[in-house]
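Structural overview
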Amino acid sequence: MSTAMNFSSKSFTPRPPDKGAFPLDHFGECRDFKERFMECLRRSGYESAACRQSAMAYLECRMDRRVPQLMANEPLEKLGFKDLINEKSEEKPQKS
């Protein structure tokens, strides 16, 4: 009796996940934003809610760096920063 397995001719083609992972920043283009975020986490006792402004700035940096494609462009509202965007727009002075 043969123990050989019969493999199908279909091949598996891996693809990256739609969300939740992005390439490493090998060239350090967003290093300053990352360091500010990490420092904020250390100061706040690793309470991420206290560092949402820093997190938003870091993700904006990632999305702005399109050449190495560090992160696909995504509306910040979909990433959970809608309230911070509304605060930003309210802080801007009204033009008369």
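Residues numbered from 1 in each chain as written. Predicted model: local features only at pLDDT ≥ 70, side-chain atom pairs only at ≥ 80, totals over all residues. Heavy atoms only, no water.

Put simply, the rule reads: UniProt positions are given in the numbering used here, feature names are shortened, and annotations may be inferred rather than shown by experiment.
Within an unreviewed UniProt entry, the label attached to the chain reads Cytochrome c oxidase assembly protein COX19, and the organism entered is Sinosuthora webbiana. The Subcellular location (unreviewed entry) comment attached to the chain in UniProt states, word for word, "Cytoplasm". In its Sequence similarities (unreviewed entry) section, UniProt records this for the chain: "Belongs to the COX19 family."

**Section: the nonpolar core**
Put simply, the rule is: In plain words, nonpolar cores are sets of buried Ala, Val, Leu, Ile, Met, Phe, Trp, Tyr and Cys residues tied together by side-chain atoms within 4.5 Å. Residue burial is assigned from relative accessible area. The probe radius is 1.4 Å, only protein chains are included, and a residue is buried under 20% of its type maximum, exposed over 50%, and partly exposed in between. To qualify as a helix, a DSSP run of H or I must reach at least 4 residues; to qualify as a strand, a run of E must reach at least 2; elements of each kind are numbered from the N terminus. It only takes one pair of heavy atoms within 4.5 Å for two residues to be counted as in contact.
Membership of the largest hydrophobic core is limited to twelve residues, which are Cys30, Ala55, Met56, Tyr58, Leu59, Cys61, Met63, Leu70, Met71, Leu76, Phe81 and Leu84. Per element, the largest residue contribution to this core is six residues, and it comes from helix H2 (residues 52–64). Contact partners of alanine 55, with chain neighbours within four places excluded, come to Phe37 and Phe81.

**Description of unusual backbone geometry**
One non-glycine residue, tyrosine 46, adopts positive backbone phi at about 65°. Tracing the chain through its elements places tyrosine 46 in the loop between helix H1 (31–43) and H2. Residue classification places tyrosine 46 among the exposed residues on the basis of a relative accessible area of 56%.

**Quick look at the state of the cysteines**
Counted only if it meets this: Pairs of cysteine sulfur atoms within 2.5 Å are identified as disulfides in what follows.
The final tally for this structure, using the stated rule, is two disulfides. Cysteine 30 shares a disulfide with cysteine 61; S-S distance 2.1 Å. Disulfide cysteine 30-cysteine 61: torsion about the S-S bond near -95°, hence left-handed. In this pair, cysteine 30 sits in the segment before H1 while cysteine 61 sits in helix H2, placing the two residues 31 residues apart along the sequence. The disulfide that involves cysteine 40 links it to cysteine 51, with 2.1 Å between the sulfurs. Note on the cysteine 40 and cysteine 51 pair: the S-S dihedral is about -95°, so by sign convention the disulfide is left-handed. Linking cysteine 40 in helix H1 with cysteine 51 in the loop between H1 and H2, this pair joins segments that are eleven residues apart in sequence. Across this residue pair, the class does not change: cysteine 40 and cysteine 51 are buried. With its disulfide-bonded cysteines labelled consecutively along the sequence, the chain is connected as 1-4, 2-3.

**Quick notes on H2**
Worth spelling out the cut-off: In this analysis, the expected span of each helix is defined as 1.5 Å times one less than the number of residues it contains.
Counted at 1.5 Å a residue, the expected span for H2 with its 13 residues is 18 Å, and the 18 Å between its end C-alpha atoms agrees. Those residues of H2 that sit buried are Ser54, Ala55, Met56, Tyr58, Leu59, Cys61, Arg62 and Met63.

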